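One letter stands for each residue in the lines below.
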Amino acid sequence: MPEGHTIHRLARDCAERFLHAPVRVSSPQGKFADGAALIDGTEMTSAEAHGKHLFLGFPGFLGPGDTAWVHVHLGLFGKVAFGPAPPPPPAGTVRLRLTGPAAFMDLRGPTVCALITPGEKQAVHDRLGPDPLREDADPDAAWRRISRSRTTVAALLMDQKVVAGVGNVYRAEVLFRHGVDPYLPGRDLTRGQWRAIWDDLVELMREGVRNNRIDTVRPEHTPEAMGRPPRVDDHGGEVYVYRRAGQACHVCGEAVRVSELAARNLFWCPGCQPANVPGA
DNA sequence: GCGTGATGTTGAA
DNA sequence: TCAACCTCACGCC
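Source: prediction; values computed, not measured.

K.L.:
Residue-level account of the overall build of chain A, with values.
P.N.:
Tallying secondary structure elements over chain A gives eight helices and 10 strands in all. Its C-alpha atoms give chain A a radius of gyration of 21 Å, near enough to 19 Å, the size a compact globule of 280 residues would have. Taking the principal axes of the C-alpha coordinates as reference, chain A spans close to 65 × 40 × 30 Å. Counting over 280 residues, chain A shows a buried share of 38%. For chain A, the proportion of contacts with a sequence separation of at least 24, taken over those separated by at least 6, is 60%.

K.L.:
Summarise the UniProt feature "domain: FPG-type" (unreviewed entry) in chain A; cite the residues concerned and give the values.
P.N.:
According to UniProt, the feature "domain: FPG-type" (unreviewed entry) maps to residues 240-274 in the numbering used here. Span residues 240-274 is 0% helix and 29% strand, its end C-alpha atoms 15 Å apart.

K.L.:
Run through the sheet that holds strand β7 (residues 103-108), naming residues and quoting values.
P.N.:
Across the sheet, which stays open at both edges, the four strands sit in the order β1-β6-β7-β5 with antiparallel pairing between neighbours. Of all the strands in the sheet, just β1 (24-26) and β5 (79-84) have a single pairing partner and so form its edges. Direction aside, neighbouring strands of the sheet carry axes that sit 15° apart on average.

K.L.:
With reference to specific residues and values, describe the domain arrangement of chain A.
P.N.:
Here chain A is partitioned into domain 1 (4-126) and domain 2 (139-268). One C-alpha centre belongs to domain 1, the other to domain 2; they are set 30 Å apart. With seven residues of domain 1 in contact, the opposing surface of domain 2 contributes nine residues. Residue composition of the side of domain 1 that touches domain 2, by class: no nonpolar, five polar and two charged.

K.L.:
Describe the protein's contact with DNA strand C, listing the residues and the values that go with them.
P.N.:
Neighbouring residues of DNA strand C: Gln-29, Gly-75, Leu-76, Phe-77, Lys-79, Gly-92, Thr-93, Arg-95, Arg-108, Gly-109, Thr-111 and Ala-263. Of the residues belonging to the surface near DNA strand C, the class tally is three nonpolar, six polar and three charged.

K.L.:
Which residues make up the packing of helix α1 (residues 4-18) against helix α7 (residues 191-211), and what are the values?
P.N.:
Running from N to C, α1 and α7 point in directions that differ by 45°, and their axes come no closer than 8 Å. By the criterion of interaxial angle, the relationship of α1 to α7 is oblique. In the packing of α1 onto α7, the handedness of the crossing is right-handed. Residues Gly-4, His-5, His-8 and Arg-9 of α1 pack against Met-205, Gly-208 and Val-209 of α7. For the contact of α1 with α7, the residue count by class is two nonpolar, four polar and one charged.

K.L.:
Describe the nonpolar core, listing the residues and the values that go with them.
P.N.:
Grouped together as the largest cluster of nonpolar side chains are 38 residues, with contacts concentrated most on Tyr-170, Ala-172, Leu-175, Phe-176, Val-241 and Trp-268. Elements that contribute at least two residues to this core include exactly α4 (139-146), α5 (153-158), α6 (168-177), α7 and β10 (264-268). Per-element tally for this core: the top contributor is α6, with six residues. The residues touching Leu-175, leaving out its near neighbours within four places in the chain, are Val-153, Ala-154, Val-180, Pro-182, Trp-268 and Gln-273. The next biggest cluster of nonpolar side chains, apart from the first, holds 31 residues, and it includes Phe-32, Ala-49, Leu-56 and Leu-96.

K.L.:
Summarise the packing of α6 against α7; cite the residues concerned and give the values.
P.N.:
Packed helix pairs are characterised by how far apart their axes lie and by the angle those axes make with each other. At a minimum axis distance of 10 Å, the contact between α6 and α7 shows a crossing angle of 125°. Of the possible angle classes, the one that applies to α6 and α7 is oblique. Taken as a pair, α6 and α7 cross one another with a handedness that is right-handed. Contact with α6, carried on its side by Tyr-170, Val-174 and Arg-177, involves Ile-197, Asp-200, Leu-201, Leu-204 and Met-205 of α7 and no other residues of that element. Here the residues of the contact of α6 with α7 are counted per class, giving six nonpolar, no polar and two charged.

What counts, and at which threshold
Residues numbered from 1 in each chain as written. Chains lettered and ligands numbered in written order. Predicted model: local features only at pLDDT ≥ 70, side-chain atom pairs only at ≥ 80, totals over all residues. Helix = DSSP H or I, 4+ residues; strand = E, 2+ residues; numbered from the N terminus. Rg over C-alpha atoms; globule rule 2.2 N^0.38 Å. Buried ≥ 20, exposed ≤ 12 C-beta atoms within 10 Å, placed from the backbone. Contact = placed C-beta atoms within 7 Å. UniProt positions renumbered as here; feature names shortened; annotations may be inferred. Pairing = 2+ DSSP bridges. Axes fitted to C-alpha atoms, helices over the stretch in contact; angles between N-to-C directions. Domains from an automatic or database assignment. Nonpolar A, V, L, I, M, F, W, Y, C, P; charged D, E, K, R; others polar. Near = placed C-beta within 6 Å. Parallel < 35°, antiparallel > 145°, perpendicular 65-115°, else oblique. Left-handed = near helix turned anticlockwise from the far one by under 90°. Core = buried A, V, L, I, M, F, W, Y, C linked by C-beta atoms within 7 Å.

This is the structure we're talking about:
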C-alpha cells in the first residue's frame, strides 16, 4: 500500500506511540541487528516523512547535538503492523521491531532500513522533489522540470525527483480527474493544468493520510450516488481507473485501458483523457 | 505446493 | 531496457 500518504501516516502513527520515551529497538530477522543495537533503549524525538521515505530520529548516540536517523523505505512489498505492548514473539521475517511503553511496531520486507547520519539524511532530501504532503513543498520546483521535459506526464509524476510521494495509484487517478492524456509530454501541459493537478494531489493525499487509504472518486461518482456496487476486490478505496482495465468508466462508460509504461501498469480512460493530437 | 503479481527503486548493460 | 531485491496473499493444481 505504500504511496506517500502511507508513509506520512506511518510517521504520525510512530510519533503517537513512541515519541519521547525510551524505545526498545531490535531486528528479530537480523538484517538490521547492528543498527538496532546502537540505538536500543534510547529516546525517539522525531518521526518525519518525505515522499515515500520515513525518518525516525534518535539523538545523542552520534555525538552531542547529532541525531542518528533510522531511514525506512517500504519499496513495493514493505509492510508495517502495530499492536499493543507487550509484543508477541516475532512471527515471520521482522526486520525492525520498535517497542514503546504501550505499543509495538513490526516492519517487514522494506527496501531500505538503515541507520544514517544527518548528512546522509540531507542527501535523501536533496534528491527528492516537492512532496504535496509537506508544508515546505514548492510546486514550482516540479513545474520547472515538467515544463522543460519531453517525457510523458505519466512518467514525470512517478519520478520522485520531480514530485515526491506520488505512486501508480495517485498518478493514474489525478490524471483522470483532470482529463489529461497520460502520454502528453510534460512541456505540453499548461501551467494552469499543473497548478490544478498539484492542488488536487495536496487534497487527495491529505485525505489519504486521514483515512489510510486512497479514495479519489468525487461525491457524484461514489457507489451510493450512482447506485453501483462498491469496490470489493481488495482493501483499496474507490477509484476511477486504477486496476479497472476493461471495466466501464464511471463517468463516460468507455472501457478503462491499461498499458505498460516503464515496466509499470498505466491505467486511463480513453473517453475522458483523449489524446490531444487529432486522429492519434 | 507452485506460480504469479503488487501502490517501488537501483544499478548494470 | 532489464534484472535484482524485499515479502506475502491469492489462484490454481
